[in-house]
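Secondary and tertiary structure notes
Single-letter residue listing:
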Amino acid sequence: LPHNVTIAVLPGLAYSSESAKRIRNAGKEVILHQPMQAINLSTDPGPKSIQPDMTSSQIRALLAENIKEVGPIKGMNNHEGSLITADLNAMNSVLNFCMENSLYFLDSRTNSETKAPAVALSLNTKIWERNIFLDNTQNRADIIEMYNRGLSFADKNGMVIMIGHVWSGKNLASILDELYNSTVRSGYEFTTISRLVKKTR
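Remember, predicted model here, so these are calculated numbers, not experimental data. (Residues numbered from 1 in each chain as written. Predicted model: local features only at pLDDT ≥ 70, side-chain atom pairs only at ≥ 80, totals over all residues. Heavy atoms only, no water.)

Next up on the list: the nonpolar core. With 27 residues, the main nonpolar core has I50, L63, M76, V94 and F105 as its most contacted residues. Of all the secondary-structure elements, those providing two or more residues to this core are α1 (16–25), β2 (29–36), α2 (56–70), α3 (88–100) and α4 (116–123). In terms of residue count, the dominant contributor to this core is α3 (six residues). Residues within four places of M76 in sequence aside, it is in contact with I31, L32, L63, I67, V94, F97, C98, L103, Y104, F105 and L106. Formed by eleven residues, the second largest nonpolar core is a distinct cluster that contains Y147, L151, I175 and L176. (Core = buried A, V, L, I, M, F, W, Y, C linked by side-chain atoms within 4.5 Å. Buried < 20%, exposed > 50% of the residue type's maximum accessible area, 1.4 Å probe, protein only. Helix = DSSP H or I, 4+ residues; strand = E, 2+ residues; numbered from the N terminus. Contact = heavy atoms within 4.5 Å.)

Okay, here's the thing in structure tokens:
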């Protein structure tokens, strides 16, 4: 892709470390795609996930281990996590860790009851939140519709954070590549959250 894009890398997989290295070498921003347990306990968020029975020290140790695998990183977001992001204590541990390590936290908003905003407020820190999921389906027309909704959101709010997934394969990447020139000509800019963090300081 010719523009700024952030790639979130899952830890604990065969090519996690190598993927993160290649992404950085390509000049793109890397964040940790931290697995967290969903409300549906039959949903497996993947290896090295935050589980509801973990203590704060266990969560912090896990995050440090995962970052060591895929780092250096600029921030992290949650993979799944509808249960954990709604847990006040768990999110307090996560956001404190992020603050201490100068990492931003992007809430993927998999649960409207997320406690991340409340915890951030109590800690006097800022988090970022996903506005649009681009690929709830792999259908080309659906992805383009969600992309355009994202641009409309940016028109109203000044910016938009859109998340896509690797499961969409080349379909999503090719659409983003195809729409890039017309989007820039219309006055939009592709950026990263780390650059936005610098602007808000």
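There's more to say after this.
Now for the pairing of strand β1 (residues 6–9). In this sheet, β2 lies alongside β1 in parallel orientation, the contact comprising four bridges. The residue of β2 that forms the bridge with V9 is L32. You can see the chain leave β1, run along α1 and come back into β2, and the turn it takes is right-handed. (Pairing = 2+ DSSP bridges. Right-handed = clockwise from strand over helix to strand, strands pointing away.)

What follows is about the packing of aromatic side chains. This model, assessed by the stated rule, comprises one aromatic pair. We note K126 situated over the ring of W128; from NZ or CZ to the ring centre the distance is 4.5 Å. The ring of F133 carries the charged tip of R130 above its face, separated from the ring centre by 3.9 Å. (Phe/Tyr/Trp six-rings, centres within 6.5 Å; stacked < 30°, edge-to-face > 60°. Lys NZ or Arg CZ within 6 Å of the ring centre and 35° of its normal.)

What follows concerns the environment of G12. With respect to the helices and strands, the residue G12 is situated in the loop between β1 and α1. Between the C-alpha atom of G12 and that of M36, which follows or precedes it by 24 residues, the distance is 13 Å. Residues contacting G12, with those up to four places away along its chain left out, are P47, K48 and E69.

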